[in-house]
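Each chain is listed here by its residues.
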Amino acid sequence: MKLTSFITSRLERKLALLLSLVILLALFFLAWLAISTVKATRQQSVAEIQWQLVNQSVDRLRKFIDDKIENFRIVVADPNVNAIGYEQQTFILEGHLASDDSLVELSFIQPSDGFETARVVRGFDKPIHRVLGRDEPAVASALRGQNYFGPVFFTNNEPRIILASPVINQQSQIIGVLRGEANLKTIIPLIAQANLGQTGYLYVVDSGGRVIAASSQVPSGLSVGTDIKFNPFVSQVLASGLVPGLNDTAVYYSEIAKQEVFVVGRSIPKFNWGVIVEWTTKEAMSVVDEIIIRLLIGTVVLLIFLIVISFWLARRFTKPLRQLTAASVQVGAGQFDVSLPTAGHDEVGELAKSFSQMTAGLKELERLKDEFVFIAAHELRTPVTAIRGYAEMLADSAGSVPAEAREFVSRLQQSGERLAVLVNDLLEVARSQAGRLKVQTSPLDLVVIIQSTLAELKPLADEKQHNISFVPPVSLPQVLADKDKLQEVLVNLIGNAIKYTPAGGQIEIGARQEGNRVVTWIKDSGIGIAPEDQTKLFQRFFRVESEETRNIQGTGLGLFIVRQIIEHMQGRIWVQSVKGKGSTFYFSLPIA
Ligand code: ADP
């Protein structure tokens, strides 16, 4: 079904469009709400995942450092360490170096002057003993009784760190310092697996903003030793600890991933390193994109479905109104037997109810009018017949009528004729309206009837010097019709052709078989009928108002009666006409 034929009335279209608009807005709002909720939820869970990774990594790094310090404490747990000979000291340090891969060197330092009493260096047999002095930061810190954890520095592009601890005897006196250098390369395995999806990675920077370690998925542009202190996010993390805040994530364009990323970061307070996780928004939100696509498809499908429903609803709502409109058009055309919408209890139902009351009233009025016309016409027949009879008698006894009164008698006769025609027409109309028009059909020879009608009308045609021709067909089947009524039809149609054709016209009558009917036509070369009048010709009292018809007398009932008769005989009547050229009236009758 085409949509245009589906929507017929303007009200229906308006209603449907209004409903569709409301649905569209509602769905649009819902879809927007759903999409933004899904996005926010996903962003929240991305933040949680990122923080989990950061915290986990921070814990591991802390534990790594704490373990180192702890090991130092164990090393210096022997209170008699200063009583141990230098050979023995070297032996202890060597054992410890062997047990911890990350240590590069270890030394015992004399608290009095900062001299290394024992020193072991990985890969060297007999390293020299240095004089570091009491002011060397690691030594100084240990001499104050504190564990020392120095800043990261790079040797051969490897991040390193200095550690130091005081050696304390049973009397709580600092009797020496244990100082070591650790290689931070060993923290890389701790965070190597700290990746997210295919594009998320983690990296650790020292307090100076240089990369100490990174997870395996970090883009190749970022390697250990790279200085990224100018990265705005990194400097923010080093300056303020938690960025952008716990369980929250920020979005920025990452120079590392070369695209937009979700980023979170925190610093490890003790030694102010920064741990940062970046994940491309594209990958992190890809789940959401899928959901959004599904949501949008669903919304569109729902929208189409609801719009179809709204059109259907609009059609349903306006159906009684359309029926009422059709009914009122019918009533306007004088037909009161209309079908009305089954009345509901709403305003439209009320309207339908009062409409049917109105048509009932009109119908009754129509019936009373027909009744009145019928009775009046019927009662008029007797006096009219009397007037015509006496007028004829007067005309017949012309000798006894004074000469000056003869003219009046002739006018009296003419008027009596006209009155009789009018009364008969009215009677006929009233009969047909009241369903009292009776036709008694029998097989008839149409040609004979046409010929007798022509003979009857010849004086009228001669008066206007018309040339009437009728060529009977070679063979024509009998028709099923009422003889008197058929004659009435022919008198009317041929009479009109004579009346509405200027003097000296051509009138042609013909008949032929068409299937199981016989079509008769009366063609004239008269004044013709305009197209807009042709549709109204067969209505009661319709007469064409024009210059040509002004002086032609008539009631406008003839064609109406003709149609009633033809239709009662199961036939059909129609007209073809060109204004100014002439008209052809056709009627069909069933063959016997
Ligand atoms: P009337 O009594 O006016 O002739 P009819 O019902 O017979 O009434 O015809 C209705 C109107 O149709 C006429 O008034 C006339 O204007 C037009 N009409 C009928 N027949 C013809 C015709 N053959 N040529 C032109 N107009 C015609």
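Residues numbered from 1 in each chain as written. Predicted model: local features only at pLDDT ≥ 70, side-chain atom pairs only at ≥ 80, totals over all residues. Heavy atoms only, no water.

**Regarding empty space enclosed by the protein**
Turning to step 1, where the next piece is worked out: Under the definition given, this model contains one cavity of 30 Å³ or more.
Turning to step 2, where the next piece is worked out: Of the pockets and cavities examined, the largest cavity occupies roughly 40 Å³.
Turning to step 3, where the next piece is worked out: Looking at the largest cavity, the residues that line it are Arg388, Ala391, Glu392, Leu412, Gln413, Gly416 and Glu417.
Turning to step 4, where the next piece is worked out: Only helix H9 (347–396) and helix H10 (403–433) provide two or more residues apiece to the lining of the largest cavity.
Turning to step 5, where the next piece is worked out: Top contributing element to the lining of the largest cavity by residue count: H10, with four residues.
Turning to step 6, where the next piece is worked out: Here the residues of the lining of the largest cavity sort into two nonpolar, two polar and three charged. (1 Å grid on protein atoms, 1.4 Å probe; cavity = no way out; pocket = protein on both sides within 12 Å on 5 of 7 lines; lining within 4 Å. Points joined across faces, edges and corners; volume = space filled by probe spheres on them. Helix = DSSP H or I, 4+ residues; strand = E, 2+ residues; numbered from the N terminus. Nonpolar A, V, L, I, M, F, W, Y, C, P; charged D, E, K, R; others polar.)

**A closer look at unusual backbone geometry**
Turning to step 1, where the next piece is worked out: Looking along the chain, the bond that leaves Val243 and enters Pro244 is cis, with omega of -5°.
Turning to step 2, where the next piece is worked out: Position of Pro244 among the secondary structure elements: in the loop between strand E9 (242–243) and strand E10 (250–254).
Turning to step 3, where the next piece is worked out: Phi is positive for Asn247, which is not a glycine, with a value near 55°.
Turning to step 4, where the next piece is worked out: Among the structural elements, Asn247 can be located in the loop between E9 and E10.
Turning to step 5, where the next piece is worked out: At Phe541, a residue that is not glycine, the phi angle is positive and equals roughly 60°.
Turning to step 6, where the next piece is worked out: On the secondary structure map, Phe541 appears in the loop between helix H13 (531–534) and helix H14 (558–568).
Turning to step 7, where the next piece is worked out: A relative accessible area of 52% places Phe541 in the exposed class. (Buried < 20%, exposed > 50% of the residue type's maximum accessible area, 1.4 Å probe, protein only.)

**Looking at the pairing of strand E7 (residues 201–205)**
Turning to step 1, where the next piece is worked out: With respect to burial, E7 is a largely interior element, five of its five residues being buried.
Turning to step 2, where the next piece is worked out: Because side chains alternate across E7, one face comprises the buried residues Tyr201, Tyr203 and Val205, and the other comprises Leu202 and Val204, equally buried.
Turning to step 3, where the next piece is worked out: Sheet topology note: the E7/strand E12 (residues 273–280) ladder contains five bridges and is antiparallel. Residue pairing in the sheet places Val204 in a bridge with Val275 of E12. (Pairing = 2+ DSSP bridges.)

**A look at the site of the ligand**
Turning to step 1, where the next piece is worked out: Residues in close proximity to the ligand total 21 residues, the closest being Asn496, Tyr500, Arg543, Thr555 and Leu559.
Turning to step 2, where the next piece is worked out: For the ligand, an oxygen atom lies 3.2 Å from a polar atom in the side chain of Lys499.
Turning to step 3, where the next piece is worked out: In the environment of the ligand, an oxygen atom lies 3.3 Å from a nitrogen or oxygen atom belonging to the backbone of Val544.
Turning to step 4, where the next piece is worked out: Elements supplying a minimum of two residues to the shell around the ligand: helix H12 (483–499), H14 and strand E19 (582–590).
Turning to step 5, where the next piece is worked out: Considering each element in turn, the shell around the ligand owes the most residues, three residues, to H12. (Near = heavy atom within 4 Å. Polar contact = N/O pair within 3.5 Å; in protein donor to acceptor, adjacent residues only side chain to side chain.)

**Remarks on the pairing of strand E16 (residues 506–514)**
Turning to step 1, where the next piece is worked out: Relative to E16, strand E14 (residues 467–470) runs parallel, the two sharing four bridges. In the sheet register, Ser469 faces E16, and the bridge partner there is Glu508.

**Here's the deal with the domain arrangement of the protein chain**
Turning to step 1, where the next piece is worked out: We note that the domain assignment places domain 1 (73–187), domain 2 (347–433) and domain 3 (442–590) within the protein chain.
Turning to step 2, where the next piece is worked out: Once you take the C-alpha centre of each, domain 2 and domain 3 turn out to be 23 Å apart.
Turning to step 3, where the next piece is worked out: Taken together, the eleven residues of domain 2 in the interface contact eleven residues of domain 3.
Turning to step 4, where the next piece is worked out: Both sides together, the interface formed by domain 2 and domain 3 hides about 870 Å², and carbon and sulfur atoms give 55% of it.
Turning to step 5, where the next piece is worked out: It is Asp425, Glu428 and Val429 in domain 2 that bury the most area against domain 3; as a group they hold 48% of the surface buried on that side. (Domains from an automatic or database assignment. Contact = heavy atoms within 4.5 Å. Buried area = accessible area lost by both parts, 1.4 Å probe.)

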